[in-house]
Amino acid sequence: MIRLHFYPSTAAMVPHILLEELGVPYERVLVDRANDVHKSPEYLALNPNGLIPVLVDGDLVLYETAAICLHLADAHPQAGLMPALGSPERAHAYKWLMWLTNTLQATLIVYFYPHRWVEEGSAAQNEVRAMAKRRVGELLDQLDAELARHGGPWFMGEAHSLLDAYVFTLCRWTRHFSDDSPVRPARERPHLGPYLQRMLERPALQRVMANEGLSPAYV
């Protein structure tokens with residue numbers, strides 16, 4: 001059986017959503033990040049980076065969220081989580097998946113964990129965090145513009161795909177932005193706001209929120 005090593009409200013939400021959309025049997029394994037279980041020898045044997053998530057599928061052990069998503073899409077092609085191989089749509093899906101993980105998610109990580117780059121408690125830390133947040137705002141505008149461009153209900157247009165789980169999860173991480181700066185959360189943009197509400201109406205996503213013990217407001 002597939003096992004998803006997760007912690008609530010982390011990047012593990014992306015494959016968690018996909019697994020619920022697929023409806024395949026799987027087991028959730030809580031990695032108690034609050035007690036540093038992700039740094040334990042047992043977990044580091046699965047992911048030497050000490051990051052969440054990890055997916056175990058038989059003898060296959062995968063980390064890196066984007067890789068997990070592609071594996072699930074390829075292992076269950078009937079679900080249509082990705083466009084057809086060799087198509088222009090597939091190429092654009094690859095582009096956006098890499099952008100989400102390497103650009104938007106990476107910038108959010110700088111915002112949430114600036115002490116990984118500069119001395120904790122320093123003036124530089126506050127400056128790095130502020131600059132990262134400003135950049136995240138620009139990237140959210142790019143997502144909003146893409147939804148406006150094609151006018152479809154989902155991120156790739158008419159077809160729901162694995163990108164929707166990724167976009168939703170990263171947008172959710174901005175839900176508190178309005179508390180302390182002029183950079184607004186994703187939900188306040190004209191196209192992202194309704195899009196996130198459509199995502200919240202999907203039964204699979206509702207199950208994920210319940211599974212992870214999360215309460216409104218979700219985004």
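Everything below is about the structure printed above this text.
Below you will find a few notes about this structure. Keep in mind the model is a prediction, meaning the values are calculated, not measured. (Residues numbered from 1 in each chain as written. Predicted model: local features only at pLDDT ≥ 70, side-chain atom pairs only at ≥ 80, totals over all residues. Heavy atoms only, no water.)

## Quick look at the environment of Q105
By secondary structure assignment, the location of Q105 is in helix α4 (residues 88-112). Taking the C-alpha atoms as reference, Q105 lies 9.7 Å from V167; in sequence the two are 62 residues apart. (Helix = DSSP H or I, 4+ residues; strand = E, 2+ residues; numbered from the N terminus.)

## Side note on the packing of aromatic side chains
Evaluated as defined, the whole model comprises five aromatic pairs. Among the aromatic residues, those joined into a ring-pair cluster are Y111, F112, W173 and F177. Above the plane of the ring of Y113 lies R116, whose end atom (NZ or CZ) is 4.1 Å from the centre. Directly above the ring of W154 sits R202, whose terminal nitrogen or CZ lies 5.0 Å from the centroid. (Phe/Tyr/Trp six-rings, centres within 6.5 Å; stacked < 30°, edge-to-face > 60°. Lys NZ or Arg CZ within 6 Å of the ring centre and 35° of its normal.)

## Overview of helix α5 (residues 123-150)
Over its 28 residues, α5 runs 42 Å from end to end, which matches the ideal 40 Å to within 8%, given 1.5 Å per residue. Listed in full, the buried residues belonging to α5 are Q125, A132, K133, V136, G137, L139, L140, L143, D144, E146 and L147. Those residues of α5 that are buried lie in contact with α4, α6 (162-172) and α7 (192-200). Count one or two residues on from α5 and you reach G151, which has phi positive near 70°. (Expected span 1.5 Å × (residues − 1). Buried < 20%, exposed > 50% of the residue type's maximum accessible area, 1.4 Å probe, protein only. Contact = heavy atoms within 4.5 Å.)

## A closer look at the sheet that holds strand β2 (residues 26-30)
Within the open sheet, the four strands sit side by side as β2-β1-β3-β4. Their pairing is mixed. Two strands close off the open sheet at either side, each with one partner strand: β2 and β4 (60-63). Adjacent strand axes in the sheet meet at a mean angle of 20°, parallel and antiparallel pairs treated alike. Note that strand β3 (residues 54-57) and β4 share four bridges and pair antiparallel. Counterpart to D57 in the pairing with β4 is L60. The strands that helix α1 (residues 13-22) touches are β1 (2-6), β2 and β3; relative to β2, the one it contacts most, it runs at about 155°. Contacting β1, β3 and β4, helix α3 (residues 65-75) runs over the sheet at an angle of about 135° to β4. (Pairing = 2+ DSSP bridges. Axes fitted to C-alpha atoms, helices over the stretch in contact; angles between N-to-C directions.)

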